[in-house]
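For reference, the chains in residue letters:
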Amino acid sequence: NFTSAYYLGLKSLVEQQVRQLERVITGTPVNQIYVDGGFAQNTVFMGMLGMEVPDFTISAANMPQASALGAAMGMQLT
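Description of the structure in this document. (Residues numbered from 1 in each chain as written. Predicted model: local features only at pLDDT ≥ 70, side-chain atom pairs only at ≥ 80, totals over all residues. Heavy atoms only, no water.)

The packing of two helices is summarised by the inter-axis angle and the distance between the axes. Here helix H1 (residues 2-25) crosses helix H2 (residues 43-52) at 45°, and the two axes come no closer than 10 Å. By the angle between their directions, the pair H1 and H2 is classed as oblique. Crossing handedness for the pair H1 and H2: right-handed. Listed contacts from H2 to Tyr7, Leu10, Lys11, Leu13, Val14, Gln17, Val18 and Leu21 of H1 are Val44, Phe45, Met48, Leu49 and Glu52. In terms of residue class, the contact of H1 with H2 is made up of ten nonpolar, one polar and two charged. (Axes fitted to C-alpha atoms, helices over the stretch in contact; angles between N-to-C directions. Helix = DSSP H or I, 4+ residues; strand = E, 2+ residues; numbered from the N terminus. Parallel < 35°, antiparallel > 145°, perpendicular 65-115°, else oblique. Left-handed = near helix turned anticlockwise from the far one by under 90°. Contact = heavy atoms within 4.5 Å. Nonpolar A, V, L, I, M, F, W, Y, C, P; charged D, E, K, R; others polar.)

Quick look at the packing of aromatic side chains now. Working definition: an aromatic ring pair is given by the centre-to-centre distance plus the angle between the planes. Summed over all chains, the structure comprises three aromatic pairs. When the ring of Tyr6 is compared with that of Tyr7, the centres are 5.5 Å apart and the planes differ by 85°; the resulting orientation is edge-to-face. The class of Tyr6 is partly exposed, set by a relative accessible area of 33%. (Phe/Tyr/Trp six-rings, centres within 6.5 Å; stacked < 30°, edge-to-face > 60°. Buried < 20%, exposed > 50% of the residue type's maximum accessible area, 1.4 Å probe, protein only.)

Below is the structure:
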């Protein structure tokens, strides 16, 4: 049914996101994750992500183009 498919789809997205986060933040002092875009407003996605990475603070970015700003800041660090 639709509800089961919805939750399974979100579970898959969360699993993929966690794998990518592990690739990027392993060995760094990062302890906060900001989610940008439409998924930042999806309470189910945010809750599932929070359960998968309990050692991190998960927050919704509250500014437009937060991802672009983060990328630009990251480039300054290199």
